[in-house]
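Spelled out, the chains give:
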Amino acid sequence: MTRFQVRNLALILVSLLCLAFTGGVVATLILKPEAFDSAIGGPFALQDPNGRQVTDARYRGRYMMLYFGYTYCPDVCPTRLQEMTLALEALEAQAPELAARITPVFITVDPRRDTQEALSAYAAHFHPRLEALRGSEAEVAQVIRSFQGYVNYVPQAEGADYLVDHTAYVYLMGPDGAYVTHFTAFDDETEMTARLARLVD
Ligand code: NI
């Protein structure tokens, strides 16, 4: 085979593998959504901006509204954290006893730049009850993967800061620690508030 043929064959094989994988995921979602749901989330041990250890056990008995991001994020993270804040504030106005059951949590995926001080200062821009957490890069990568998410450090041109490509869902976890729902970029704060009012009890 020529090099061209080898490359084409490789491309076809990769495409087939991708199709098979996507097909498998779609089939799982359609046939057994609860299997997918139960695979979202898991135990973690991180630190708050004062260096105190915080584990997932802290959030048993209440709802956790969780977002992964980083303080250097140019646009997506501040927007999503602002939406979380507005959604929770709207729920506080309409059903304060439900809103009180929800703890907003922000886990940084960029602990190298998000020092304790930077994280604490950043979190202060959002909901007053927002709990910011950090860990080592390996620890936060493991936590985001347990939420079926990803994090990827993207080097930029020399002299420029690196970017962090990451899952930008807002997850709602129940009092038992189990997945309840998640909000995508298509869900604005109005949709978030409506769904929170429906799902939180
Ligand atoms: Ni971001």
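What you are looking at is a predicted structure, and each value in this text was computed from that prediction instead of being measured.

A.B. asks: I'd love a proper account of the overall build of the protein, names of residues and values included.
C.D. replies: Secondary structure summary: the protein contains seven helices and nine strands in total. Sorting the 201 residues of the protein into buried and exposed places 30% on the buried side. Here the contacts in the protein between residues at least 6 apart in sequence split such that 65% fall between residues at least 24 apart.

A.B. asks: Let's hear about helix H3 (residues 76-94): which residues, and what values?
C.D. replies: Taking 1.5 Å of rise per residue, the 19 residues of H3 would be expected to cover 27 Å, and the 27 Å separating its terminal C-alpha atoms lies within 8% of that figure. When H3 is considered as a whole, its buried residues turn out to be Cys-77, Arg-80, Leu-81, Glu-83, Met-84, Ala-87, Leu-88 and Leu-91. Along the axis of H3, the buried residues cluster in a sector spanning 155 degrees; they form a single face. The secondary structure elements touched by the buried residues of H3 are strand E3 (63-69), helix H4 (96-99), strand E4 (102-108), strand E8 (170-173) and helix H7 (189-199).

A.B. asks: Tell me about the nonpolar core, and name the residues and values.
C.D. replies: Ranked by size, the top nonpolar core spans 44 residues in total, and within it Met-65, Leu-66, Phe-106, Ile-107, Val-170 and Met-173 carry the most contacts. Once you skip the residues sitting within four places of it in the chain, Leu-66 turns out to touch Val-105, Ile-107, Val-170, Tyr-171 and Met-173.

A.B. asks: Residue-level account of the sheet that holds E4, with values.
C.D. replies: Two modes of strand pairing occur in sheets, parallel and antiparallel, and in both the strands are linked by backbone hydrogen bonds. Taken together, the five strands give an open sheet; going across it, the order is E5-E4-E3-E8-E9, and neighbouring strands pair in mixed fashion. What marks the edges here is a single partner per strand, and that holds for strand E5 (131-133) and strand E9 (179-183). Ignoring strand direction, the axes of neighbouring strands in this sheet form an average angle of 25 degrees. Here four bridges tie E8 to E9, and the two strands are oriented antiparallel to one another. From the neighbouring strand, Val-170 faces E9, where its bridge partner is Phe-183. Contacting E3, E4 and E8, H3 runs over the sheet at an angle of about 165 degrees to E3.

A.B. asks: Could you give me a rundown of the packing of H3 against H7, with the residues and numbers involved?
C.D. replies: For the pair H3 and H7, interaxial distance at closest approach is 8 Å and the crossing angle is 50 degrees. What the angle tells us is that H3 and H7 run oblique. The two elements H3 and H7 meet at a crossing, and its hand is right-handed. Contacts between H3 and H7 involve Glu-83, Leu-86, Ala-87, Ala-90, Leu-91 and Gln-94 from the first element and Glu-189, Met-192, Thr-193, Leu-196 and Ala-197 from the second. Split by residue class, the contact of H3 with H7 holds seven nonpolar, two polar and two charged.

Calculation notes
- Residues numbered from 1 in each chain as written.
- Predicted model: local features only at pLDDT ≥ 70, side-chain atom pairs only at ≥ 80, totals over all residues.
- Helix = DSSP H or I, 4+ residues; strand = E, 2+ residues; numbered from the N terminus.
- Buried ≥ 20, exposed ≤ 12 C-beta atoms within 10 Å, placed from the backbone.
- Contact = placed C-beta atoms within 7 Å.
- Expected span 1.5 Å × (residues − 1).
- Arc of directions from axis to C-beta.
- Core = buried A, V, L, I, M, F, W, Y, C linked by C-beta atoms within 7 Å.
- Pairing = 2+ DSSP bridges.
- Axes fitted to C-alpha atoms, helices over the stretch in contact; angles between N-to-C directions.
- Parallel < 35°, antiparallel > 145°, perpendicular 65-115°, else oblique.
- Left-handed = near helix turned anticlockwise from the far one by under 90°.
- Nonpolar A, V, L, I, M, F, W, Y, C, P; charged D, E, K, R; others polar.

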